[in-house]
Amino acid sequence: MADPEATIGRRKFIGAIAATAAVVGLPKSGRTEQLRLPSPPTGTTPSALARDEAFWSEVATNYDRTEGAINLEHGYWGKMAHPVQDAYIDATRMVNAQNSFYARKQFAADEQESVRRVARALGVHADEIALTRNATEAIHNLIRQYRGLADGDAVLYADLDYPHFKTAMQWLEHARGARPIELTIPPRVNQAEIFALYRDAFDKNPDLKLMLLMHVSNQHGLVLPVARIASEARKRGIDVICDTAQSWGLLDYQVPSLQVDWAGFNLHKWIGSPVGVGALYMRRGSLQNVAPYPGESDPGDALVSTRVHMGTANFAAILAIPHALDFHEAIGAANKEARLRYLRQLWTDEADSMSHIELLGGLDEESWTGMGSFRLTDKRTAEEVTALQQRLEQEFGIFTVIRKGLSSGYCVRVTPQVFTTPDDMARLVDALKRLA
Ligand SMILES: Cc1ncc(COP(=O)(O)O)c(C=O)c1O
């Protein structure tokens, strides 16, 4: 299965970094085995490969396993695969040794290479991307620097949006005199229903100027029909900030398919980079309504880089971006999406027929991802759901997380990763049965 061409040495750096590292004889990451990128068998489809345990157990050898629990909470951040971790550790050593001599002379070119790789993977131009430290930085800058609001204009978000972005949208009331509107999306819903809810909100609020639009909800993994909603918003002159923090790498897509002008990503969830890397996307020609970061200047409204000011950031994490993308692309985005959906179906298909369990998320497969949420039927308070999460952990050794934010109440989120096994999911199903 392994492709000899895909063998990568521990010291594989991008361009000039390799030269620098070689010249100064830097310490090594310490791993003794040769690392190989995953190489899916030829002639298979993502849905067939999703059930190929030999392939996925090979992929899993690239990750260290969580000790002490079956970890089904991978929506927080993604674990680095060994080749990425080694590249990151080696880059950390190199940057620390070379210090300003590297950072002042070479880093800008290496950072640009990382930007190009992000842009290529997202299917956009490099000048439409600025690196950030996380998705929050990208989305907060878009909200805070938005300059298209007049006093009393309405701004829209939904109950299933990321909690800190909801509060940032609410902040626009005090900061700009805007009128925030929260849309409630039912806990289980399909693509047509979601679109209809947004369209109705547009109809009822003709003074809407700005909206936050989630691609995949961190509450229960629900996928929103972003392209349809954004196209409808565009017709009505509503600017859209798209939260793609949870979707890139969980789903296989490129930015143009979303039909949005602005989006905020991270690479430390489903792309598997070190923690501390995100990206702001702004389509060419769409910058006028978002002011430069305070103190930055962009008279032509053409430079995405002026919408962010990171200051000194983690050089090594940025250098590890191409390695994370190499690993992600070696598995294949479509293969990863299919495997994660398959692992989710292993528990949601069973849970759907348990009367003591309420599932939250999609009603149709298009609205589902690899993530999902549940609670005990009619038990949706913080105390009840915390007790449920604790029982799963203490009685069954399964680690999950509670999510708050949905109008319908709290839930427990379940998020497998590419190294999660069907046996892990079977343990969850067994636990769900015993919760009756
Ligand atoms: C949907 C969603 N948006 C935004 C964020 C924030 O991402 P980051 O931690 O990269 O800022 C998260 C993180 O969990 C998320 O799930």
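Residues numbered from 1 in each chain as written. Predicted model: local features only at pLDDT ≥ 70, side-chain atom pairs only at ≥ 80, totals over all residues. Heavy atoms only, no water.

Visitor: Give a detailed account of the pairing of strand E6 (residues 179–183), specifying residues and quantitative values.
Guide: Where a strand is regular, its side chains alternate between the two sheet faces. Relative to E6, strand E5 (residues 154–158) runs parallel, the two sharing five bridges. Bridge assignment links Tyr157 to a residue of E6, and that residue is Glu182. Where the polypeptide runs from E5 across helix H7 (residues 163–176) and back to E6, its parallel neighbour, the crossover connection is right-handed. (Pairing = 2+ DSSP bridges. Helix = DSSP H or I, 4+ residues; strand = E, 2+ residues; numbered from the N terminus. Right-handed = clockwise from strand over helix to strand, strands pointing away.)

Visitor: For the site of the ligand, give the residues involved together with the corresponding values.
Guide: The local shell around the ligand holds 14 residues, among which Thr136, Asp243, Gln246, His268 and Lys269 are the closest. In this structure, an oxygen atom belonging to the ligand sits 2.8 Å away from a side-chain N or O atom of His268. Here an oxygen atom of the ligand and a side-chain polar atom of Lys269 are 2.5 Å apart. Contact with the protein chains removes 89% of the 390 Å² of surface that the ligand exposes when unbound. (Near = heavy atom within 4 Å. Polar contact = N/O pair within 3.5 Å; in protein donor to acceptor, adjacent residues only side chain to side chain. Areas by Shrake-Rupley, 256 points an atom, 1.4 Å probe, with all protein chains shown as cover.)

Visitor: Tell me what's going on with the sheet that holds strand E16 (residues 411–414), and back it up with residues and numbers.
Guide: A sheet is described by the order of its strands in space; here five strands give the open sequence E7-E12-E13-E16-E15, paired in mixed fashion. Both edges of this open sheet fall to strand E7 (188–189) and strand E15 (401–403), since each of them pairs with a single strand only. Bridge count between strand E12 (residues 357–362) and strand E13 (residues 372–376): four bridges; the pairing is antiparallel. Note on E13: the bridge partner recorded for Glu358 is Arg375.

Visitor: Give me a nonpolar patch on the surface: which residues, what numbers.
Guide: Residues Tyr76, Trp77 and Val275 make up a contiguous nonpolar surface patch of roughly 350 Å² in combined accessible area. Tracing the backbone shows Trp77 in the loop between strand E3 (70–71) and helix H4 (82–105). (Patch = residues over 30% accessible without salt bridge, like charges linked within 9 Å, V, L, I, M, F, W, Y side chains within 5 Å. Salt bridge = Lys/Arg side-chain N within 4 Å of Asp/Glu carboxyl O.)

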